[in-house]
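Chain by chain, the residues run as shown.
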Amino acid sequence: MTSPPESLTAQAATDLATASVPDPAAVLDFNRVTLGYGDFTVLRDLTLTVKAGEVVAVMGGSGSGKTTLMRAATGQLGIKSGDLKAFGQSMSGIGRLEIQRLRQRMGVLFQQGALFTDLDVFENVAFPLREHTRLTDPEVAQKVLENLDAVGLRAAAHLKLSEVSGGMARRVALARAIVREPELVFYDEPFAGLDPISMGIAARLIRRLSDKLGCASVVITHDVPESFEIADTVYIVGQGELKASGTPASLKGSTDEYVRQFLDGAPDGPVAFDYPTTPAFEKWCQAKGVEP
Amino acid sequence: MSTTGVLGSIGHFTRRQLVVLGQVTRFFVQLVMRCGVIFKRPRLVTQQVHFIGVHSLLIISVSGLFVGFVLGLQGYYTLNRFGAEQALGLLVALSLVRELGPVVTALLFAGRAGTSLTAEIGLMKAGEQLAAMEVMAIDPIRRVLAPRFLGGIIAMPVLAAVFSMVGIIGGWIVGVVLIGIDTGAFWSQMQEGVDVLDDVLNGVIKSVVFGIAVTLIALFEGWQCKPTPEGVSRATTRTVVASSLVVLGLDFVLTALMFSN
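Residues numbered from 1 in each chain as written. Chains lettered and ligands numbered in written order. Predicted model: local features only at pLDDT ≥ 70, side-chain atom pairs only at ≥ 80, totals over all residues.

**Comments concerning the overall build of chain B**
Reasoning step 1: Within chain B one finds 10 helices and 0 strands.
Reasoning step 2: Walking chain B from its N terminus toward its C terminus, one meets helices and strands in the order α-α-α-α-α-α-α-α-α-α.
Reasoning step 3: Across its three principal axes, chain B shows a C-alpha extent of roughly 65 × 55 × 35 Å.
Reasoning step 4: In chain B, 87% of the contacts between residues at least 6 apart in sequence involve partners at least 24 apart. (Helix = DSSP H or I, 4+ residues; strand = E, 2+ residues; numbered from the N terminus. Contact = placed C-beta atoms within 7 Å.)

**Here's the deal with the interface of chain B and chain A**
Reasoning step 1: Contact residues are listed per partner, giving 9 residues for chain B and 13 residues for chain A.
Reasoning step 2: Residues that form the side of chain B that touches chain A fall into these classes: 6 nonpolar, 2 polar and 1 charged. (Nonpolar A, V, L, I, M, F, W, Y, C, P; charged D, E, K, R; others polar.)

**Re the nonpolar core**
Reasoning step 1: In this structure, A:Phe186 and A:Val218 are the most contacted members of the largest nonpolar core, which totals 137 residues.
Reasoning step 2: In terms of residue count, helix α5 (residues 88-126) of chain B provides more of this core than any other element does, 17 residues in total.
Reasoning step 3: Discounting chain neighbours no more than four positions away, the residues touching A:Val218 are A:Leu28, A:Val50, A:Val56, A:Val58, A:Phe186 and A:Tyr187. (Core = buried A, V, L, I, M, F, W, Y, C linked by C-beta atoms within 7 Å. Buried ≥ 20, exposed ≤ 12 C-beta atoms within 10 Å, placed from the backbone.)

**Some remarks on unusual backbone geometry**
Excluding glycine, a negative phi dihedral is what most residues carry, and trans is how most peptide bonds are arranged.
Residues and elements named next belong to chain A.
Reasoning step 1: Its identity as a non-glycine residue notwithstanding, Ala114 has a phi of 55 degrees, on the positive side.
Reasoning step 2: Ala114 sits in the buried class, given 25 other C-beta atoms within 10 Å.
Reasoning step 3: With a phi angle near 50 degrees, Glu189 is a residue other than glycine that sits in the positive phi range.
Reasoning step 4: Mapped onto the elements of the fold, Glu189 is located in the loop between β7 (184-188) and α7 (196-213).

**Some points on the environment of A:Phe262**
Residues and elements named next belong to chain A.
Reasoning step 1: Mapped onto the secondary structure, Phe262 falls in helix α10 (residues 257-264).
Reasoning step 2: Residue Phe262 is classed as buried on the basis of its 26 C-beta neighbours within 10 Å.
Reasoning step 3: Spatially, the C-alpha atoms of Phe262 and Ile236 are 8.8 Å apart, while their sequence positions differ by 26 residues.

**Side note on the packing of helix α3 (residues 42-53) of chain B against helix α7 (residues 140-179) of chain B**
All names here are of chain B.
Reasoning step 1: In the contact formed by α3 and α7, the axes pass within 8 Å of each other and the chain directions differ by 50 degrees. Considering their axes alone, α3 and α7 lie oblique with respect to each other. As α3 packs across α7, the resulting crossing turns out to be right-handed. Residues Leu44, Val45, Gln48, Val49, Phe51, Ile52 and Gly53 of α3 touch α7, and the partners they reach there are Pro147, Arg148, Leu150, Gly151, Gly152, Ile154, Ala155, Val158 and Leu159. (Axes fitted to C-alpha atoms, helices over the stretch in contact; angles between N-to-C directions. Parallel < 35°, antiparallel > 145°, perpendicular 65-115°, else oblique. Left-handed = near helix turned anticlockwise from the far one by under 90°.)

**Overview of helix α6 (residues 166-178) of chain A**
Given 3.6 residues per turn, any residue in an α-helix points the same way as the ones three and four places further on.
Reasoning step 1: Between its first and last C-alpha atoms α6(A) spans 19 Å; for 13 residues at 1.5 Å apiece the expected length is 18 Å, and the two agree.
Reasoning step 2: Within α6(A), 11 of the 13 residues are buried, which leaves it mostly tucked inside the rest of the structure. (Expected span 1.5 Å × (residues − 1).)

**Side note on the pairing of strand β3 (residues 55-59) of chain A**
Residues and elements named next belong to chain A.
Reasoning step 1: A large share of β3 lies buried, amounting to 5 of its 5 residues.
Reasoning step 2: The alternating pattern of β3 places Val55, Ala57 and Met59 and Val56 and Val58 on opposite faces, both of which are buried.
Reasoning step 3: Of the strand pairs in this sheet, β3 and strand β8 (residues 216-221) are connected by 5 bridges, and their pairing is parallel. Its bridge partner lying in β8, Met59 is registered against Thr221.
Reasoning step 4: Of the strand pairs in this sheet, β3 and strand β9 (residues 233-238) are connected by 4 bridges, and their pairing is parallel. Each residue of the ladder has a partner; that of Val56, found in β9, is Thr233. (Pairing = 2+ DSSP bridges.)

**Comments concerning the confidence of the model for chain B**
All names here are of chain B.
Reasoning step 1: Model confidence for chain B is summarised by a mean pLDDT of 93, while 99% of its residues fall at 70 or above.
Reasoning step 2: The weakest mean pLDDT in chain B belongs to helix α2 (residues 37-40) at 85; the strongest belongs to α7 at 95.
Reasoning step 3: For this predicted complex, the interface score ipTM comes out at 0.75, while the overall pTM is 0.82. (pLDDT = per-residue confidence, 0-100.)

**Notes on the confidence of the model for chain A**
Residues and elements named next belong to chain A.
Reasoning step 1: Looking at chain A, pLDDT values average 84 and 90% of them are 70 or higher.
Reasoning step 2: Of all helices and strands in chain A, the one with the weakest mean pLDDT is helix α1 (residues 10-18) (43), whereas helix α4 (residues 121-132) scores best (93).
Reasoning step 3: Note that pLDDT drops below 50 for residues 1-20; the model gives that stretch 8 contacts with residues more than four away or on any other chain.

**Comments concerning the packing of helix α4 (residues 57-81) of chain B against α5(B)**
All names here are of chain B.
Reasoning step 1: Axis separation between α4 and α5 bottoms out at 10 Å; the angle between their running directions is 145 degrees. By crossing handedness, the relation of α4 to α5 is classed as right-handed. Contacts between α4 and α5 involve Ile59, Ile60, Ser63, Val67, Gly68, Leu71, Gly72, Gly75, Tyr76 and Leu79 from the former and Leu88, Leu91, Val92, Ser95, Leu100, Val104, Thr105, Leu108 and Arg112 from the latter.
Reasoning step 2: Broken down by class, the residue content of the contact of α4 with α5 amounts to 12 nonpolar, 6 polar and 1 charged.

Below, the structure written as structure tokens:
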């Protein structure tokens, strides 16, 4: 990096040195982004880049802000500061139609599945195709069955949602998230509720999709073995900031206390078990007349 | 409570109601702007007409029949005092077409279809289904709410017409079949006295207005509710209460506008 001009202040020079240079190949680029709800900051100064064809795992304990990160990336939550770009376009201050256009290039697997309970398995997976494409019914059927086949549920296409188990429902949601072959796919806890066999298949499917379609995958999870097996890069968030990042191999060899505690699942370490005190809690305590 | 406190409470309440009114108006405009869905995807609307309308037919028909029975009986007792029982058909028809048809149908509609709409939208919200649609670049107001809004507006006048028709049959059963009023007098008085524009059309206009009001309230409550079981439950209750009051209030205003000289 070139030296900053002398006219820059020391603070500006520090900012320039620490800010990441935008990568033209990045489909998702967080540059010193701060996220939160109201007065509460969930993640500070987050810098994260996802390139096409790459599988990125975002890991962290419960409530560490992993899902908040996804909500910001999909335009559901505005950022507090910094710069967030999806497909090279800044997400700050863009209109509804532009967000819609960007979202058409994304796929999301929701934590709870968010399947449409009035539709059967087949129609749930077909839903994005029917809404966004002009495919004929036989073409839709072929595509849907291919995707259901990929998650092992081809023969469950006719079932109602009330007739499938929780694990099967997550696999249906996975098929729906990828049916349009998006360029960027977010998987929010894709392994939750899956049996060991389905978990392995789901992990390999995510890797295979990224390799085959060249799509970028962001896997939000706290499942270490499965995500380390398929991820190119792993980001670990906690205590309101990015704690570590790197390849699975480099993180496995990390001596950082936080990383070690998270990967080893150790009860003692820097990860706080207690939920942090927030301004809202302090206000609540004040109203109740108790000490925070 | 001090005077300042009372004034403060009134001000707070008024401001809150104005905020809600503004939100409802904004929501209404958003719905109207997306009503073009009826031309692009009419099937979405017909499905809702079926769900909202056809599934309400039984309760509407049975209620209409019993209201007709009661009107026949009460009308006969009153008209008989003046020797005017031959005008029973006219009384039953005017009561139903002008007032009871649109109003009672709207109240039943709020209880049957309005609550179901609120609960459905609220549960979709709680299950992240609406958020999922947004992330899939699908506008939930256009895809989910607008077809239901149009379905409610189309279904309401049809249901009100069914209610009035069945009610008239109920009045005929009581007046002609059970009491023995001349059937020719029953129908001819009705034909003579009921005006298509003044009575029938005004009744239809009322039911369309009630359809807009009830469906709007039901969808708004579902859209705005807290995504929890308690939130959905409260929203469903609010739908019935608010719809009933708005229908009765609107009925007074519309009646004053339509039938005053």
